[in-house]
Amino acid sequence: MVIAREQKAVFLSPKWKTGQEEMQLAVSWSGALNAEDGECVSSAICIPLASQKRSSIGRPDWTCIVVGFTSGYVRFYTESGVQLLAQLLNEDPVLQLKCRTYEIPRHPGVTEQHEELSILYPTALVTIDGFSLFQSLRACRNQVARATASGNDNIQPPPLAYKKWGLQDVDSIVDHASVGITSLCPFDQMKNASILGGYHATIKGSPPAMSQYITVGSGPFTGFFYAVEGSSQPLLSHVALAVASKLTSALFSAASGWLGWKHKNEEEPVQKQKPKLEPATPLAVRFGLPDSRRHGEAICLSPCNTLAAVTDDFGRVLLLDVTRGLAIRMWKGYRDAQVGWIQAAEALQERESGHRPSPSSPRGPGRVAQFLIIYAPRRGILEVWGTQQGPRVGAFNVGKHCRLLYPGYRIMGLNNVTSQGCQPHTQQVCLVDATTGTLRTVSVPFHLALSDKKSERARDVHLVKKLSALLKAKELCQETLQKEATGILLDIKYPAIKKQALETLLSNKKVSHSSLSGIVETLLGTLQSQDPDGVDEALCQLCSSQLKLLRLYGTIEKMHAEGQEEDATAPDSDLSSVLRLGQADLLRLQSMLQRYGEEEEGRRPTVTFSEDLQAELPLHSFLSHLEVDGASVKVSRGLADDGGHLGSLLFWKCVTGESSPDGVCRTLRDAGMVPQQLLSLLLAAWLSRERDVLQSPEMVIHLHQLISLLTSLPGAVEDSWDLQSVSPWWQLMRSTCSQAASPAAALLAAHAGHSVAKSLVGGWAETKFQSAEAMTDSWEALSLDLEQWAVLLRQLEDCLLLQTLLRCHLPPVSSAGTHQRVTVRSLLEAGRGGVADSVAKWLFRQNVSPQLLKETLSRKDGAKGPEEATTLEPQFTRVAELLLSVCAQFPCSLDPDVLFAHCCWEYVVQWNKDPEEGRHLSWAVDHLRCITNAHVQHGVAVMMWSTFIDKRFSACAFLMDKVGKAPKDRLCRRDIGMSDRAVTSFLAACTQLLQILMEADIVSDEMSAPLLEVEDPWVSVEGPTSIVELALEQRHVHYPLVHHHCVLATILCGIMRFSLRGVKPLALFDSKGKNSFFKELTSIQLLPSGDVDPNIVSLRQMFLQKLLSGWVHILPQDGAPASSAPPEDEAWPTLAIELLAPALQVSADVLQRHLVCELYSHGLDLLAEEAMLKVEDPEVLASQLLVLTGQRLAYALLHTQTKEGMELLARLPPTLCTWLKAMDPQELKNKEVPISRTGRLVTRVIELLPENHGQYMLALNLIEAVEAMVSPE
């Protein structure tokens, strides 16, 4: 909202304040707006601009304030008072600013109207296209934001394209309305042509499109102007095009003086220069309403552009037909009146038609009604009139100092796409009360525009809305609510709408039980007192059924409030006798519950809401959960999640001993509820309150009493039931317990049900065989039901113990994820591997290493001594004991080999989800190694390779062969899907996996396959095939093919580990070898055999030498022993010389000699001496080491250039000097080696050389030179 007077203005923005219910308009900017001396504000409007963001399409983004001045300037501002644009369009004062925004045409024949800003001067009218204005304002706002951020004040706003009309043949104009583009019908076109051009006038084939403008003032009182589209080109369009083409800023600076844009950095003389004004296009008035004495004051166009309201100085309000140019209605006695319009749309349910269209049939546009709002300030009254000839439908006393605000537009920037389905964010009409500072809105329902006959249904719908508004009030007095709601229900005429209103009341959570009962009773009584033929039967049934449910709710609430009856017999408090358990069984049960409860308390804190903890069910939920069917009450079919809440309302006070079970059961029986549904609700309440049950397990005594009472109800247990049949009653209870996700509560409920069933079977047997003398106290009656109860109890015990384990957390592991929930039903449907799979998932979440798991499982057999049994981590000890007890409970399902197999599979599945976690694959291989049965180990390894490994492994090989080196991280991620570091660990795991597979293939011939068994209570398990069963079904692999892949995996791993270059791994194999790769390991392939091409052997030898050199290069250069290297790297020399060399047909001795030379070259003499022991040809090695010795001496004597060295060199034999000068010390990797080590090396060389060797004398000369060099030191 903008309030302006003379030069000053205040901008107000809506803001919410905490603690206040209503929105307030707070000052966002205030100050003076005049930029020139003497100018004042003459008109102002606020235009909300649509947001361009996808998330807020159809919503306003910001509001632009447009202000007209007496100087002729029109300036545009933001909500914070920042000027965006200023333009001088005419030198006369601005009389009026009006805006038109986009509206969706209601009918296909209606012309689509474009957005527009119109500016009225005393003799001219300027129109600016809305689309270009919207884009210009957004561009200016962005420029201002960038300038503010950069500190630059030089803003160059783009010019506006506009049309300027000179209004002629009019004495004076005070207001105007821009109707938009109209087109005449053919008859009106011919009539106008004949009047203007005569009888022989020519007529165009199509009527021309015209923009219609209406002015009010004098001479004529109302003038109608028509501007044919295309008769006037938009001014400055070429400048706007230049801006869009992004020309240089010179054009902007040249145009700024011409258009009069205001810059902050301009000097005062520049501002006083008046810009050049474009001449207006003449536009003569076509016709008007001539009335020489009447002067118009204001005109207000209706939202549908068909009507207009005009006020004059005689105190009249005229209604104009815009299309025909006629005054069709006049109101008298409204001096200084202010007018506005309200357009009310018809709701879909308000329409009254002969037939109801099908949901698939397209609906036509909803009807719209126009209402004229007239505010008469001298009388202080606001009136609402129906148009065109409608009556006055509303009048309000509002005071004499108000102001009626009617913008007549909505949001600028929308189109036929973005305006679809958007809710209006602007008010149509508002009334500002200056005395109180309040802003009121006017809302008129559609049905007020209808006649009395058609408005009954619409009036009923309006009453429903009134009821909804009443129920939404924050402060609700129940007495007032009951009185008004009853009156509304009785006033509604149509039964269907009355039923809808009643259902609204029944589903509201604010209405109390007493109020709702009173409303329904009054309504039912009124219906019963009417003529039965005129009363809707469905409505009567709804009232009577809901009244029955309300009385049932009140009875239950009253019984719970009164508490336990004094003369009620107290149930047996001995838990063992109630549950029919021995003392040992009872202690074991209590121990299991206690351990489960401790794990429950040890879990991380969780958020609980107070309404979830209350046993009370809201009244509206109670009514929605139950339905009345004749004389019986049934639970709704859709009741699945809230069964616990309804059961808690009915039975929980009885379970806790606060209410009488006999009275509740009797009340529910009298209400007609089925015993089976009551049992389901009781169990749902019990199972949903497991935490309360664990705090006081003695509540099972009251549960036992309730089950016994429900069992005794008629229709619970069939009369035909005997010991050899299964009762549906007990089957229902067993099925509910087996599906429960709260095992502790389910186990207690099962014990209670078993006890009741046992007593029932015993009583039935006594009555059946009471005459038999053989029945004594030592005999016990057996039945099929009791057998199934025994199996279920054992299953629930197993499930409880397993759930206890799955709730445990190890301290370092976050418990953020939700823990697994297992039920008897889920385990029975999970197959034979269901238990092992759940434990494996738990072990993965707890980050238990394979070694720790192996040590824990080995304690089960007692194989370790007491001193070794304490090696487990202290924090894992308690969990380990629980794990061992679960393994003892499931000796077959959690056999160590089965558990290791599932852990292996779980880790490899998790690795496949995130290949960057190389530890997951490594631990999967470690778990695989822990499997003792070779058949299981072999099958799991084959499935791992074929399912997860093979494709990535082949991708690694092809990528390395393509680039000829260890690929970079980017290539690895692109082709393999993991980083280069992850590829290295992946290839190491592949090598280990293939080695395990080869070992398992050999050992499996000497070992029998395991027998897969299952525990007795779980023999009926069904579901998917387990991992171990699938593993035993795998075919045996082809050992040479696995070895072939293992060699390739080792080669690839070496390339990645040591970042080797110039190596194509697949080039190290012949065509047979290449074709055998990446085939199924169980298939028979034609592998290379016999002699290999010498060129390939040479390539292989070069590769293995690079591999050994790479290994030596990563060793510490301080002469440390090999044990100081990383553990995974220690085996590389053995792999290269003992595994790869024989497989690739490369001489192992050549590689061993190369290793010794490399170690000496790096200065690792001690490691070289160890490796020298494995050399088979010492003579060749000695010749190679002699060269190394010469390189070391050449560096010490010739390259250090010391005085002592030169003197020693002069004393050496000439042949030795010549030989040393021929040496190249640059080939040494480590040149700074002590001379004592070199002397030790020469001694080893002399030991290896025979005396008749050609270089023996050279070695002797070398040792003399070394001794001469050592003696000065």
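Throughout, residues of each chain are indexed from 1 in the direction in which the sequence is written. In keeping with the predicted nature of the model, local features appear solely for residues at pLDDT of at least 70, side-chain atom pairs appear and are counted solely at 80 or more, and the whole-chain, interface and lining totals rest on all residues. Water and hydrogen atoms play no part in the side-chain values, which are based on all heavy atoms of the structure.

A closer look at the overall build of the protein chain
- Strands here are runs of E lasting at least two residues and helices are runs of H or I lasting at least four, both read from the DSSP assignment and numbered beginning at the N terminus. Looking only at helices and strands, the protein chain features 44 helices and 29 strands.
- Looking at the protein chain residue by residue over its 1273 residues, the buried ones come to 48%.
- Contact criterion: two residues are considered in contact whenever any of their non-hydrogen atoms come within 4.5 Å of each other. Partitioning the contacts of the protein chain with sequence separation of at least 6, the portion at a separation of at least 24 is 70%.
- Of the roughly 62,400 Å² of accessible surface on the protein chain, 51% is carried by carbon and sulfur atoms. Relative accessibility thresholds used throughout: buried, under 20% of the residue-type maximum; exposed, over 50%; partly exposed, between the two (1.4 Å probe, protein chains only). Note on areas: these come from Shrake-Rupley sampling with a 1.4 Å probe, and a residue is covered only by the protein chains present in the view.

Details of helix α29 (residues 918-930)
- Between its terminal C-alpha atoms α29 stretches 19 Å, which fits the 18 Å expected from 13 residues at 1.5 Å a residue.
- Tucked into the core, α29 has its buried residues touching α24 (834-846), α25 (850-860), α28 (896-913), α30 (934-963) and α32 (980-1003). A helix's residues, less one, multiplied by 1.5 Å, set its expected span.

Notes on the sheet that holds strand β10 (residues 124-129)
- Pairing between strands is defined by DSSP: at least two bridges between them are needed. Spatially, the 5 strands line up as an open sheet ordered β8-β9-β10-β11-β15, and their pairing is mixed. Edge positions in the open sheet fall to β8 (96-100) and β15 (281-284), since each of these has one partner strand only. Averaged over all adjacent pairs, the angle separating strand axes in this sheet is 25°, with direction ignored.
- An axis is simply a line fitted to the C-alpha atoms; with a helix, the fit covers only the stretch in contact. Between two such axes, the angle follows the N-to-C directions and lies from 0 to 180 degrees. Helix-sheet contacts for helix α1 (residues 130-150) involve β9 (116-120) and β10, and the interaxial angle to β10 is about 65°.

Concerning the state of the cysteines
- Any two cysteine sulfur atoms within 2.5 Å of one another count as a disulfide. As enumerated under the stated definition, the model contains 0 disulfides in all.
- Sulfur of Cys543: no disulfide; nearest cysteine sulfur belongs to Cys540 and is 6.5 Å away.

Structural notes on the packing of aromatic side chains
- Working definition: rings of Phe, Tyr and Trp (its six-membered ring) pair if their centres are within 6.5 Å, and the pair is stacked with planes under 30 degrees apart, edge-to-face with planes over 60 apart, and tilted otherwise. According to the stated counting rule, one finds 19 aromatic pairs in the structure shown.
- Members of the aromatic cluster, connected to one another through ring pairs, are Trp945, Phe953, Phe958, Phe1069, Phe1077 and Phe1078.
- Stacked on the ring of Tyr334, the Lys or Arg Arg379 has its end atom at 4.7 Å from the ring centre.
- Only lysine NZ and arginine CZ atoms are considered, and such an atom sits over a ring when it is within 6 Å of the ring centre and within 35 degrees of the ring normal. For Arg919, the ring lying beneath its charged end belongs to Trp923, and the centroid distance is 4.5 Å.

Quick look at the packing of helix α10 (residues 537-562) against helix α15 (residues 643-655)
- Orientation of α10 relative to α15, taken along the N-to-C sense of each, is 15°, at an axis distance of 10 Å. As the angle between them shows, α10 and α15 are arranged roughly parallel. Pair α10 / α15 crosses with left-handed handedness. Along its contact with α10, which presents Tyr553, Ile556, Glu557 and His560, the element α15 presents Leu649, Leu650, Lys653 and Cys654. Put simply, angles under 35 degrees are roughly parallel, angles over 145 are roughly antiparallel, angles from 65 to 115 are roughly perpendicular, and the rest are oblique. For a crossing to be left-handed, the near helix must be turned anticlockwise from the far one by less than a right angle; the clockwise case is right-handed.

A closer look at the pattern of salt bridges
- By convention in these notes, a salt bridge is any Lys or Arg side-chain nitrogen within 4 Å of a carboxyl oxygen on Asp or Glu. The tally for this structure, following the rule as stated, stands at 29 salt bridges.
- Close ionic contact of Asp336 with Arg378 constitutes a salt bridge, the shortest N to O distance being 3.0 Å. Remark: Arg378 occurs in the loop between β22 (368-376) and β23 (381-386) and Asp336 occurs in the loop between β20 (326-331) and β21 (338-345); sequence separation between them is 42 residues.
- When salt bridges with common partners are traced through the structure, they connect Asp291, Arg294 and Asp312 into a single cluster.

What to know about the side chain of Glu1158
- Here Glu1158 lies in helix α38 (residues 1148-1161).
- Lys1229 provides the closest opposite charge to the buried, unpaired Glu1158, separated from it by 4.5 Å.
- With residues near it in sequence (within four places) discarded, Glu1158 still touches Ser1109 and Val1112. Counted as positive: Lys and Arg. Counted as negative: Asp and Glu. His and the chain ends are not counted at all.

Observations regarding the confidence of the model for the protein chain
- Across the chain, each position has a pLDDT score giving the predictor's confidence in that residue, from 0 to 100. For the protein chain, per-residue confidence averages 83 on the pLDDT scale, and 85% of positions sit at 70 or higher.
- Looking over the protein chain, one finds the lowest element-wise mean pLDDT in helix α4 (residues 249-259), namely 35, and the highest in α28, namely 96.
- Below pLDDT 50 for its whole length, residues 237-271 participates in 45 contacts with residues either more than four positions away or in separate chains.
- Within the model, the stretch residues 610-615 combines pLDDT values under 50 with 7 contacts to residues more than four positions away or in other chains.

Considerations on the sheet that holds strand β18 (residues 307-312)
- One open sheet accounts for 4 strands, arranged β17-β18-β19-β20; its pairing is antiparallel. Each edge of the open sheet carries a strand with a single partner, namely β17 (296-301) and β20. Taken pair by pair, the neighbouring strands of this sheet meet at an average axis angle of 25°, ignoring direction.
- Relative to β20, strand β19 (residues 317-321) runs antiparallel, the two being bridged by 5 bridges. When the bridges of β20 are listed, Leu319 appears paired with Arg329.

Things to note about helix α7 (residues 478-491)
- The end-to-end C-alpha distance of α7, which contains 14 residues, comes to 20 Å, matching closely the 20 Å that a straight helix rising 1.5 Å per residue would cover.
- Listing the buried residues of α7 in full gives Leu481, Ala485, Thr486, Ile488 and Leu489. Considered in projection along α7, the buried side chains sweep an arc of 165° and stay on one side of the axis. α7 presents Glu479 and Lys483 as exposed residues on the side facing more than 90 degrees away from its buried surface. What the arc measures is the spread of directions leading from the helix axis to the C-beta atoms.

Thoughts on unusual backbone geometry
- In this model, Gly219 is joined to Pro220 through a cis peptide bond whose omega is 5°.
- One can find Pro220 in the loop between β13 (209-218) and β14 (222-228).
- For the bond from Thr387 to Gln388, the omega torsion is 10°, close enough to zero to count as cis.
- Looking at the secondary structure, you find Gln388 in the loop between β23 and β24 (392-397).
- Although it is not a glycine, Asp169 adopts a positive phi angle of roughly 65°.
- For Asp169, the location among the structural elements is in the loop between β11 (162-168) and β12 (172-183).
- Classification of Asp169 as exposed rests on a relative accessible area of 54%.
- For Gln1145, which is not glycine, the phi dihedral falls at a positive 60°.
- On the secondary structure map, Gln1145 appears in the loop between α37 (1132-1143) and α38.
- By relative accessible area, which is 38% here, Gln1145 ends up partly exposed.

A look at the environment of Gln731
- If you trace the backbone, Gln731 turns up in helix α20 (residues 728-738).
- On the basis of relative accessibility, which here comes to 35%, the residue Gln731 falls in the partly exposed class.
- Residues Gln731 and Gln788 lie 57 residues apart in sequence; the distance between their C-alpha atoms is 9.0 Å.
- Gln731 has contacts with Val726 and Gln788, leaving out every residue within four places of it along the chain.

Things to note about the environment of Ala201
- Mapping Ala201 onto the fold places it in the loop between α2 (186-197) and β13.
- Accessibility expressed as a relative area gives 28% for Ala201, which makes it partly exposed.
- Along the sequence, Ala201 and Met190 sit 11 residues apart, while their C-alpha atoms lie 8.9 Å from each other.

With respect to the environment of Ile45
- One can find Ile45 in strand β4 (residues 41-50).
- Spatially, the C-alpha atoms of Ile45 and Phe76 are 10.0 Å apart, while their sequence positions differ by 31 residues.
- For Ile45, the residues in contact, after removing those within four places along its chain, are Cys64, Ile65, Val66, Leu97, Lys98, Cys99, Leu117 and Tyr409.

Remarks on the nonpolar core
- What is meant by a nonpolar core is a set of buried Ala, Val, Leu, Ile, Met, Phe, Trp, Tyr and Cys residues, joined one to another through side-chain atoms within 4.5 Å. Among the nonpolar cores identified, the biggest contains 267 residues, and Phe622, Trp686 and Phe953 are the most heavily contacted of them.
- Ignoring anything within four residues of it in the chain, the contact list for Phe953 reads Trp945, Phe986, Leu987, Cys990, His1045, Leu1048, Ala1049, Leu1052 and Phe1078.
- Counting 34 residues, the second-largest nonpolar core is a separate cluster that includes Val339, Ala376, Leu382 and Tyr406.

A look at a nonpolar patch on the surface
- The grouping of Phe187, Met190 and Ile203 at the surface amounts to a nonpolar patch, some 320 Å² of accessible area in total.
- You can see Met190 is positioned in helix α2. Surface patches are defined over residues having more than 30% relative accessible area and no salt bridge, joining like charges when they lie within 9 Å and nonpolar side chains (Val, Leu, Ile, Met, Phe, Trp, Tyr) when within 5 Å.

Focus on the side chain of Asn1230
- Within the secondary structure, Asn1230 is located in the loop between α42 (1214-1221) and α43 (1235-1248).
- Excluding anything up to four places from it in sequence, Asn1230 contacts Ser1161, His1162 and Gly1163.

Describing the packing of helix α22 (residues 784-807) against α24
- Across the interface, α22 lies against α24 with an axial gap of 9 Å and an inter-helix angle of 20°. As far as their axial angle goes, α24 and α22 are roughly parallel. In this structure, α22 meets α24 at a crossing whose hand is left-handed. Residue-level inspection shows Leu802, Leu805 and Leu806 of α22 in contact with α24, the latter providing Val835, Ser838, Val839, Trp842 and Arg845.
- Asp, Glu, Lys and Arg are counted as charged, while Ala, Val, Leu, Ile, Met, Phe, Trp, Tyr, Cys and Pro are counted as nonpolar; the rest, among them Gly, fall into the polar class. Its residues assigned to classes, the contact of α22 with α24 shows 6 nonpolar, 1 polar and 1 charged.

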